[in-house]
Amino acid sequence: MAAGQGLRRTAVRGALATVTGSAGNLFVGIGTVVVLARLLTPSDFGIVTMVTTFSLLLRSFGLNGFTELIMQREEITESLASNFFWINLGIGALLTLGFAGSGPLLAHLFHNPAVVRVTEGMSLTIVTACAGYIHTGLLQRAMHFRTTATINFMGQVLQFVVAIILAMAGWHYWALVWGSVAQTVSVTVGAWLACRWVPKAPGRASDTGQGVKFALNVYSHFAFWYFTRNTDNLLVGWRFGDQALGFYKKAYDLFVLPQNQLMAPMNAVVVSTLSRVNQDREQFQRYFLRAVSVLALLGMGIGAYFALAGSDIIRFLLGPGWEEAGRIFVLFGPGIGVMLVHYTHGWIHLSIGRPDRWFRWSLIEFVFTAGLFLLGLHWGPRGIALAWTASYFLLMLPGFWYAGKPIGLGIGPFFNTIWKFFAASVTAAVITALIVAAAPYFAGLPGTRGALMRMIFVALIFFALYVASVVVLHQGLRPIRETIGLFRELLPERLLRRPVVSTSEVEEVSACDA
């Protein structure tokens, strides 16, 4: 079998594992949200969000940097991996101590004394998470995506079990804190058990400094990207308090749910695949655009549907008392599909080994998006939501132009890949809205049952129209067939044996195969 075909099948197998794991996480997460929203108050979620706005940034050191480094490098020795482990763990320990002591400062910023103790509890997630990132990177380098997906799924299950039990016991926001601690401990222990590699004492190893520089560039991009993604939480919590932040955060969490379930797990698969073909521009472009096409087909449809049924989705999932979150969520909906395809430009930067350019682009994104937030702040959390949606529409094409410039990958092929899906989603959404407006019976159904009926009614109409519009605009079933074909390749009986790895990779791969 050709090397390219074998690599593609291996990548497809990785996609199966990550998407399946994400689907499991999605169902567990939705079920837990349904329960916790009825056990805790918007203020409980708001207080924890005030802290996690900062703790998640520090906790991601190593996950965003060293894991990409391990996957992207052509060769990695045991001594080099050991150095990366101790550097990552040492920095994680320092960040834990620093964050634990920052509680009074955060409490002053948000005018809420409860933030002090929550900060101390959440600081534990930083060092426990950092202890497992190198092992996770080695598993992903060996393309053990099924293993990492299982580990992450079990961690999420434990997090939500702990949170629900403690919430039922009346622990309020502490239920969310200790659930997060349990999740990081579980994932780290799982990574160590799956990849039975034990780091050696740190020592001299060539390329350690260059590798750390690469990791810091990736993390620097992530930090600015994270600030961009969380400046909204900071502004809403500071200006409007914990209850408003609780409403906003729940709407935002549903907004980024498609990205977390589709994009985040696929990053390792796609970056690993594209990194191996980054010298073949034609093959690189073909793999990349096919991934973008699938995401556009799914994302544009999901986004338009969420815009139509957003209020009912919130009412059904969270129950009474969360209506304001529904009104905010409706403004997020139109940006979901664009958000999904926008973030794929990071795959280009990482797979061609240019995190420095990714970092520079993140500076532009941060300044531009933060400016939109400040403009939208006048209209409260709803204005911030609208600013998010506008930012993705305005930054998507410039972001791809900048990412593809070093390898001559223009925005023309990318635009031609996505515009028909966007047009199909808008057409289907407008027609669906007109049909729903002509059916007052469904609009008047009360309560959770009425919300569910409207969700089903809108879904049946919209997705039928969306698929029909896609077929008409593409003058055939090609995108549908490609997507179905991809899922057929995910069937277990179609999966082939693992690809042969190079001699230089045997050491760490065999450790993770043990």
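Residues numbered from 1 in each chain as written. Predicted model: local features only at pLDDT ≥ 70, side-chain atom pairs only at ≥ 80, totals over all residues. Heavy atoms only, no water.

**Details of the overall build of the protein**
Put simply, the rule reads: A helix here means a DSSP run of H or I that spans at least four residues, while a strand means a run of E at least two residues long, and both kinds are numbered starting from the N terminus. Working definition: with a 1.4 Å probe on protein chains only, accessible area under 20% of the residue-type maximum means buried, over 50% means exposed, and in between means partly exposed.
In terms of regular secondary structure, the protein is built from 22 helices and 2 strands. Considering the protein as a whole, with its 514 residues, one finds that 57% of them fall into the buried category.

**Examining empty space enclosed by the protein**
How we decide: The way it works is a 1 Å grid over only the protein atoms, where trapped points that fit a 1.4 Å probe form a cavity and open points with protein on both sides within 12 Å along at least five of seven lines form a pocket, and then any residue with an atom within 4 Å of a point lines it. Grid points are joined across faces, edges and corners, and a volume is the space filled by probe spheres set on the points.
One pass over the full model with this rule turns up 3 cavities of 30 Å³ or more. Considered as a void within the structure, the second largest cavity measures approximately 50 Å³ in volume. What lines the second largest cavity is Thr228, His342, Tyr343, Glu365, Thr369, Trp388, Ser391, Tyr392 and Leu395. The set of elements that each furnish at least two residues to the lining of the second largest cavity consists of α16 (355-376) and α17 (380-404).

**Structural notes on the nonpolar core**
The following threshold applies: Residues belong to one nonpolar core when they are buried, are Ala, Val, Leu, Ile, Met, Phe, Trp, Tyr or Cys, and are joined through side-chain atoms within 4.5 Å. In this description, contact between two residues means that some pair of their heavy atoms is separated by no more than 4.5 Å.
Membership of the largest hydrophobic core comes to 131 residues, with the highest contact counts inside it found for Phe255 and Phe332. Of the residues forming this core, the biggest block, 25 residues, is contributed by helix α11 (residues 208-275). Each residue touching Phe332, except ones within four places of it in the same chain, is listed here: Tyr248, Ala251, Tyr252, Phe255, Ala385, Trp388 and Thr389.

**A short note on the pattern of salt bridges**
Filter applied, for reference: Salt bridges are defined by distance alone: a side-chain nitrogen of Lys or Arg within 4 Å of a carboxyl oxygen of Asp or Glu.
Counted under the stated rule, the structure contains 9 salt bridges. Arg117 is the partner of Glu120 in a salt bridge, and the nearest nitrogen-oxygen pair spans 3.5 Å. Here Glu120 and its partner Arg117 are both found in helix α6 (residues 115-122), 3 residues apart, which amounts to about one turn of the helix. Among the salt bridges present, the one from Asp253 reaches Lys249, with a minimum N-O distance of 2.6 Å. Placement of the pair is Asp253 and Lys249 together in helix α11, with a separation of 4 residues, close to one helical turn. Judged by relative accessible area, which is 17%, Lys249 ranks as buried. A single network of salt bridges, built from pairs that share partners, joins Lys249, Lys250 and Asp253.

**So, helix α18 (residues 411-437)**
Basically, it comes down to this: By this rule, a helix spans an expected 1.5 Å times one less than how many residues it contains. To get the bend at any residue, fit one axis to the seven residues that end at it and another to the seven that begin at it, then take the angle between the two axes.
For α18, with 27 residues, the first-to-last C-alpha span of 38 Å sits near the 39 Å given by 1.5 Å per residue. The sharpest bend along α18 measures roughly 30 degrees and falls at Ile418.

**Considering the packing of helix α4 (residues 78-100) against helix α8 (residues 133-141)**
This is how it is decided: Axes, fitted as lines to C-alpha atoms, cover a helix only where it is in contact. Angles between the N-to-C directions of the axes lie from 0 to 180 degrees. For classification, angles of less than 35 degrees are called roughly parallel, those exceeding 145 degrees roughly antiparallel, those between 65 and 115 degrees roughly perpendicular, and all remaining angles oblique. Put simply, Ala, Val, Leu, Ile, Met, Phe, Trp, Tyr, Cys and Pro go in the nonpolar bin, Asp, Glu, Lys and Arg in the charged bin, and everything else, Gly too, in the polar bin.
Across the interface, α4 lies against α8 with an axial gap of 9 Å and an inter-helix angle of 140 degrees. If you check the angle between α4 and α8, you find them oblique. Where α4 abuts α8, its residues Ala81, Phe84, Phe85 and Asn88 lie against Tyr133, Ile134 and His135. When its residues are assigned to classes, the contact of α4 with α8 shows 5 nonpolar, 2 polar and no charged.

**Describing the confidence of the model for the protein**
So the rule is basically this: For every residue, the predictor reports its confidence as pLDDT, a number between 0 and 100.
Of the residues in the protein, 85% reach a pLDDT of 70 or more, and the chain-wide mean stands at 82. For the protein, helix α22 (residues 506-513) is the element with the lowest average pLDDT, namely 47, and α6 is the one with the highest, namely 94. A low-confidence stretch, residues 490-510 stays under pLDDT 50, and its non-local contacts, those more than four residues away or across chains, total 33 contacts.

**Remarks on the packing of aromatic side chains**
This is how it is decided: Only the six-membered ring of Trp is used, alongside the rings of Phe and Tyr, when aromatic pairs are assigned; centres must lie within 6.5 Å, and planes under 30 degrees apart are stacked while those over 60 apart are edge-to-face, with the rest tilted. In this scheme, the term charge over a ring applies when either NZ of a lysine or CZ of an arginine sits within 6 Å of the ring centre and within 35 degrees of the ring normal.
One pass over the full model with this rule turns up 27 aromatic pairs. Judged by centre distance (6.2 Å) and plane angle (15 degrees), the ring pair of Tyr248 and Tyr252 falls under stacked. Linking Tyr248 with Tyr252, this pair stays in helix α11, spanning 4 residues, or about one helical turn. Aromatic ring contacts, followed pair by pair, group Tyr248, Tyr252, Phe255, Phe332, Tyr343, Phe373, Trp388 and Tyr392 into a single cluster. Across from the ring centre of Tyr402, 3.9 Å away, lies the NZ or CZ of Arg357, which sits over that ring.

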